Amino acid sequence: MSRWAIRQAAYLITMDEARRELLDADVIIDAGAVAAVGKGIAGDLPGIDAAGCVVTPGLVNTHHHLYQSLTRAVPGGQDALLFGWLQTLYPIWARFTPEHMFTSAQVGLAELALSGCTLSSDHLYLYPQGCRLEDTIHAAAEVGLRFQPTRGAMSIGVSQGGLPPDALVEHEADILDDCIRVIDAFHDPDPGSMCRVGVAPCSPFSVSRELMRDAAQLARDKGVMMHTHLAENEEDIAYSQEVFGCRPGEYAESLGWVGPDVWHAHCVKLDAAEIALFARTGTGVAHCPCSNCRLGSGIAPVRALRDAGVPVGLGVDGSASNDAGNLVAEARQAMLLQRVANGADAMSAREALEIATRGGADVLGRSECGRIAPGMRADIAIWDVSGIEAAGSWDPAALLLSGPTTVRDLIVEGREIVRDGQLQTLDLPALVARQNQMARNLREAT
Ligand SMILES: [Zn+2]
């Protein structure tokens with residue numbers, strides 16, 4: 001059905017320019033976009049009933065490593081800090097094949113879809129045994145989510161003083177060639193695009209200064225976005241000071257890694273000058289609260305970033321460091337963590353939901369997503385609040401303060417991906433069985 005309606009949403013949170021919230025409202029969808037929003041406008045259009053539901057824009061995930069869904073709760077990495085955690089997992093990831101990449105990405109994306117996510121980025125920075133970025137692109141196309149994969153990279157292995165094993169790093173010329181290949185083959189710049197490719201060296205401690213600079217130039221020549229990890233924890237800051245002689249923000253700025261076409265993951269340790277730099281340049285931040293908690297990295301200065309005007313979105317981060325991939329639960333964690341740092345009035349449920357929707361869309365350069373308003377893409381989450389999780393709630397803020405943590409329905413580009421809590425695009429039990437078998441095989445070979 002090209003033109004259809006979501007009818008009588010008990011509570012419609014639009015996240016439009018005026019942040020309107022409507023009672024008993026309809027949303028008319030036409031050709032993948034929102035055509036109209038209002039009361040009693042659906043007429044006799046076909047559609048779905050949303051009585052008893054809170055309807056929100058689809059959530060946006062700005063940082064993930066989908067391949068890591070195959071390495072959740074690995075014993076040696078459960079209690080390690082960032083660098084030790086990576087050294088535990090690198091040898092396992094080195095055995096991955098294209099089939100591991102594809103299946104793991106489907107699991108991660110299905111989990112995101114069920115938790116309300118309609119648009120996700122991904123950061124794939126290792127390519128063992130013939131793995132390619134399109135392993136994840138094909139996975140996303142089958143699940144049906146809007147996807148922004150980034151061609152990540154590592155080029156400094158152990159023998160050159162880096163952290164990853166030599167088997168997981170690539171030659172820098174090959175990395176740049178493959179960035180061009182995947183952008184030319186898969187990047188769609190049109191509004192409503194289901195796939196936009198970005199360029200994303202893994203982190204300042206796993207590639208050279210030259211690659212950071214060349215990657216930025218390539219991304220700007222091609223008109224695509226740039227992404228990396230930055231200022232994740234104290235070790236990260238110490239490494240930057242020791243090796244580059246400056247803070248991560250200065251390093252990023254010196255290599256062209258600031259601007260509205262750049263977003264950095266974590267940014268837990270940005271100082272006041274770096275926050276001002278990000279605000280001045282429109283540089284985005286992917287805030288990953290559960291991962292920051294899990295790895296003991298600290299509390300990102302989200303309150304200060306938002307107050308300064310820095311674009312902030314949410315990321316679940318890879319499932320080796322979260323280990324969950326539930327995006328609405330991540331929004332709750334973001335809200336709670338700012339309260340730990342700054343008090344109970346530091347972040348409302350509505351602000352956390354704003355960061356999770358239009359905030360993330362803006363970080364990814366997709367201002368046509370993340371809000372429900374005429375002309376915006378029809379990416380919409382429908383939450384049934386008639387169940388036990390929200391029983392007794394007085395306000396739709398219950399979505400983050402209590403629950404539920406999975407959607408009833410999910411619409412991407414006007415298409416129903418989840419209906420009545422069931423993924424419509426894939427056989428989920430079969431996918432989970434495949435993933436578990438792969439994880440068992442990897443464990444037995446370790
Ligand atoms: Zn990450």
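Rules used in this analysis
Residues numbered from 1 in each chain as written. Predicted model: local features only at pLDDT ≥ 70, side-chain atom pairs only at ≥ 80, totals over all residues. Heavy atoms only, no water. Salt bridge = Lys/Arg side-chain N within 4 Å of Asp/Glu carboxyl O. Helix = DSSP H or I, 4+ residues; strand = E, 2+ residues; numbered from the N terminus. Buried < 20%, exposed > 50% of the residue type's maximum accessible area, 1.4 Å probe, protein only. Core = buried A, V, L, I, M, F, W, Y, C linked by side-chain atoms within 4.5 Å. Contact = heavy atoms within 4.5 Å. Axes fitted to C-alpha atoms, helices over the stretch in contact; angles between N-to-C directions. Left-handed = near helix turned anticlockwise from the far one by under 90°. Nonpolar A, V, L, I, M, F, W, Y, C, P; charged D, E, K, R; others polar. Donors = N, O, S within 2.8 Å, 3.2 Å for Na, K, Ca; no water. Tetrahedral: all angles 85-135°; square planar, octahedral: opposite > 155°, others 65-115°. Expected span 1.5 Å × (residues − 1). Arc of directions from axis to C-beta. Polar contact = N/O pair within 3.5 Å; in protein donor to acceptor, adjacent residues only side chain to side chain.

Side note on the pattern of salt bridges
Pairing between side chains becomes possible if they bear opposite charge and their charged atoms approach one another. On inspection of all chains with the given rule, the structure shows 30 salt bridges. With its nearest N and O atoms 2.9 Å apart, the salt bridge here joins Glu351 to Arg306. Within this pair, whereas Glu351 is found in helix H12 (residues 349-363), its partner Arg306 is found in helix H10 (residues 302-308), the two being separated by 45 residues in sequence. Overall, the relative accessible area of 22% leaves Arg306 in the partly exposed class. Within the structure, one salt-bridge network assembled from shared partners comprises Arg19, Arg303, Arg306, Asp307, Glu351 and Glu354.

Re the nonpolar core
Trp85, Leu86, Trp93, Leu145 and Trp257 are the most contacted members of the largest nonpolar core, which totals 116 residues. Beyond its immediate chain neighbours, meaning those up to four positions away, Leu145 contacts Leu109, Leu112, Ala113, Cys117, Thr118, Ala140, Met194, Leu410 and Val412. Counting 19 residues, the second largest nonpolar core, distinct from the first, contains Ile6, Leu22, Ile372 and Ala378.

Some points on the packing of helix H2 (residues 98-114) against helix H3 (residues 134-143)
Two elements in contact, H2 and H3, have axes separated by 8 Å at closest approach and are oriented at 40 degrees. By crossing handedness, the relation of H2 to H3 is classed as right-handed. From H2, Pro98, Met101, Phe102, Ala105, Gln106, Leu109 and Ala110 reach across to H3, where they touch Asp135, Thr136, His138, Ala139, Ala140, Glu142 and Val143. Across the contact of H2 with H3, the residue classes tally to nine nonpolar, three polar and two charged.

Some details on the environment of Ala286
Its place among the elements puts Ala286 in strand E12 (residues 284-287). Look at Ala286 and you get buried, because its relative accessible area is 0%. Non-local contacts of Ala286, meaning those with residues more than four positions away in its chain, are made with Thr62, His63, Trp263, His264, Ala265, His266 and Gly313.

Considering the coordination of the zinc ion
The zinc ion binds to the protein through His63 (NE2), His65 (NE2), His229 (NE2) and Asp317 (OD); the donor distances cover 2.1 to 2.6 Å. Taken together, the four donor atoms surrounding the zinc ion define angles of 88 to 177 degrees at the centre, an arrangement classified as irregular. For the zinc ion, the single-chain donor residues occur in sequence as H-x1-H-x163-H-x87-D. Accessibility assignment for this pair places His63 and His65 in one class, buried.

Some details on unusual backbone geometry
Omega for the peptide link from Asn322 to Asp323 comes to -5 degrees, which places this bond in the cis form. Within the secondary structure, Asp323 is located in the loop between strand E13 (312-314) and helix H11 (327-342). The omega torsion across Gly403 and Pro404 is 5 degrees, close enough to zero to call that bond cis. Within the secondary structure, Pro404 sits in the loop between helix H13 (398-401) and strand E15 (409-412). Even without being glycine, Asp317 reaches a positive phi, approximately 65 degrees. Position of Asp317 relative to the elements: it lies in the loop between E13 and H11. Judged by relative accessible area, Asp317 falls into the buried class, the value being 3%. Positive phi, close to 50 degrees, is recorded for Glu413, a residue that is not glycine.

As for helix H5 (residues 209-222)
Residues spaced three or four apart along an α-helix face the same direction, because each turn holds 3.6 residues. Here H5 is 14 residues long and its end C-alpha atoms lie 20 Å apart, about the 20 Å a rise of 1.5 Å per residue gives. Leu211, Met212, Ala215, Ala216, Leu218 and Ala219 are the residues of H5 that are buried. Along the axis of H5, the buried residues cluster in a sector spanning 165 degrees; they form a single face. Summarising the geometry of H5, the exposed residues directed more than 90 degrees from the buried face are Gln217 and Asp221. By the N-cap criterion, in which a side-chain oxygen at the helix start approaches the backbone nitrogen of a residue two or three places on, H5 is capped by Ser208, the distance to Glu210 being 3.3 Å.

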